[in-house]
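Secondary and tertiary structure notes
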Amino acid sequence: MSQPGMNSRVVLSPFFLDQPVPALRGLFRRDWTINSPSLPYGNDWDRISAVHGSLADLVAETVAIGARPISVAGDCCTAIAVSAGLQRAGMHPFLIWFDAHGDFNTWETSPSGFIGGMPLAMLAGRGEQRLCETVGLKPVAERDIILTDARDLDPGEADALRASTVTVLHHASELLTFPLSDRPLHIHVDTDIIDPAEAPAQNYPAPGGPSAAELRSVFERLARTNRIAAVSVSTWNPALDKDGRTASVCMDLLGVLVEGW
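Now for a look at the structure at hand. Here the residue numbers are simple positions, counted from 1 along each chain's written sequence. Selection of residues for local features in this predicted model requires a pLDDT of at least 70, selection of side-chain atom pairs for listing and counting requires 80 or more, and totals for whole chains, interfaces and linings are taken over all residues. To get the side-chain values, all heavy atoms of the structure are used, and hydrogens and water are removed first.

1. Here's the deal with the environment of V231
Helix and strand assignments come from DSSP, with helices taken as H or I runs of at least 4 residues and strands as E runs of at least 2, each series counted from the N terminus. Locating V231 in the fold gives a position in strand β10 (residues 228-234). Expressed as a C-alpha distance, the spacing of V231 and V218, which sit 13 residues apart in the sequence, is 15 Å. The contact definition used throughout considers only heavy atoms, calling two residues in contact when any of these lie within 4.5 Å. Discounting chain neighbours no more than four positions away, the residues touching V231 are P69, I70, S71, I187, L257 and V258.

2. Let's talk about the packing of aromatic side chains
For any two aromatic rings, the description comes down to two numbers: the centre-to-centre distance and the angle of the planes. Aromatic pairs are defined between Phe, Tyr and Trp rings, using the six-membered ring for Trp, whenever the two ring centres lie within 6.5 Å; interplanar angles under 30 degrees are classed as stacked, those over 60 as edge-to-face, and all others as tilted. Going through the model one piece at a time under the given rule, you end up with four aromatic pairs. With a centroid separation of 6.4 Å and an interplanar angle of 75°, the aromatic rings of W45 and W107 are classed as edge-to-face. Placement of the pair is W45 in helix α1 (residues 44-64) and W107 in the loop between β6 (94-101) and α3 (119-123), with a sequence separation of 62 residues. Taken together, a centroid distance of 5.7 Å and an interplanar angle of 50° make the contact between F114 and Y204 tilted. Linking F114 in the loop between β6 and α3 with Y204 in the loop between β9 (185-190) and α6 (212-224), this pair joins segments that are 90 residues apart in sequence. Owing to a relative accessible area of 30%, F114 belongs among the partly exposed residues under this scheme. Remark: exposure states derive from per-residue accessible area (1.4 Å probe, protein chains only) relative to the maximum for the residue type, with buried under 20%, exposed over 50%, and partly exposed in between. The class for Y204 is partly exposed, based on a relative accessible area of 41%. Note on criteria: charge over ring means Lys NZ or Arg CZ within 6 Å of the ring centre, with the direction from the centre no more than 35 degrees off the ring normal. The ring centre of W45 lies 4.1 Å from the NZ or CZ of R130, which sits over that ring.

3. Notes on the sheet that holds β9
Each pair of strands is called paired provided DSSP finds at least two bridges between the two strands. If you walk across this open sheet you meet the eight strands as β4-β1-β5-β10-β9-β6-β7-β8, and the pairing is parallel. The open sheet has two edge strands, β4 (33-34) and β8 (167-169), and neither has a second partner. Looking at chain direction, strand β5 (residues 68-73) and β10 are connected through four bridges and run parallel. The partner of A73 across the bridge, within β10, is S234. The strands touched by helix α2 (residues 78-88) within the sheet are β5, β6, β9 and β10, with β9 carrying the most contacts at an inclination of about 170°. Helix axes are fitted to C-alpha atoms over the stretch in contact, other axes to C-alpha atoms as well, and angles between N-to-C directions run from 0 to 180 degrees.

4. Considerations on the layout of surface pockets
For the largest pocket, the calculated volume is near 410 Å³. Taken together, 26 residues make up the lining of the largest pocket; nearest its centre are H101, D103, F114, G116 and Y204. Across the lining of the largest pocket, the residue classes tally to six nonpolar, twelve polar and eight charged. Within this model, the second largest pocket holds a volume of roughly 160 Å³. Both cavities and pockets are sets of points on a 1 Å grid over the protein atoms alone; in a cavity a 1.4 Å probe fits but cannot get out, in a pocket the set is open with protein on both sides within 12 Å along at least five of seven lines, and lining residues sit with an atom within 4 Å of a point. Surrounding the second largest pocket, 14 residues form its lining, Q87, H92, P93, P139 and V140 being those nearest its centre. When residues in the lining of the second largest pocket are grouped by element, the largest group, three residues, is from α2. Nonpolar residues are Ala, Val, Leu, Ile, Met, Phe, Trp, Tyr, Cys and Pro. Charged residues are Asp, Glu, Lys and Arg, and all others, Gly as well, are polar. Here the residues of the lining of the second largest pocket are counted per class, giving seven nonpolar, four polar and three charged. Grid points are joined across faces, edges and corners, and a volume is the space filled by probe spheres set on the points.

Structure representation (C-alpha cells):
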C-alpha cells in the first residue's frame, strides 16, 4: 500500500505497441528508468511481448524495493505488463481505468481488429490472451475494475460492457463521491480522456470529455486515499504537440496523482 511521501520509480517505454517512438524519448528525465529492450525479429506479438516482459520485471523489482511503479508508454496495452508485475510482487490491486475509449473489444467486436482497443478486455480474461500469457498475468476480476468516461465505444464493445460486471462510470466526476475499494489501487490513465480542446495532441481524440480541472479534483481525491500502488499512463503523441500545451496539461495532472512527479 502506498504511503504519503512514498518514493516512485518512473519507467518510460518509448514504444507504441511494438514500434519505437523517438518523440517519447524526449519525455525522459535523468531520474527515470528507460525500458527499451532489443526487439526480436518476428511477428508483432513477439515484439510487443519483449517490451512487456522487461516492463513487468521492472514493476516487480520496483515493488520489491518498496517503491511505487509509474509506467509511461505510448499505448494502453502496457497496463497488462504493469498488472503482471504487480501480481509477481504479490499485489492484486483494484483497477481504475481512465480512457476516452473502452479498450474492451475482442476480435469478435472490433470493427478494425486494432489490438490497442483490446487491453482492458484482455486484462479481464476476455478475447486475445497471448500478451497476458506471455507475462504470466492472471485475469483481473471484472468486479475489481472501474472504467470511467469511455465516451467512444464500438457497438459490440458497448454490448460487452453492459453484459459484464465492470463498473462503468460515464463521467470521471462520479469518482468524487463513488465508494472506492479499501484495497491498493492501480490507476491507468489514457491521456485522451481529457477534453481535446485542452489536450489536443492525441492519436485518437474523442470530442467532449472531462476538463483538466475536473480531472484534477478526481485525482486529488484518489491521491488522498494514500492507496495508489501503481500508475500506468498511455501518453499523448509528442510529435503532434507542437506548442507543448498538451504535455503541460497532462504532466500537471499526473503530478497530482504522483508526489514528486
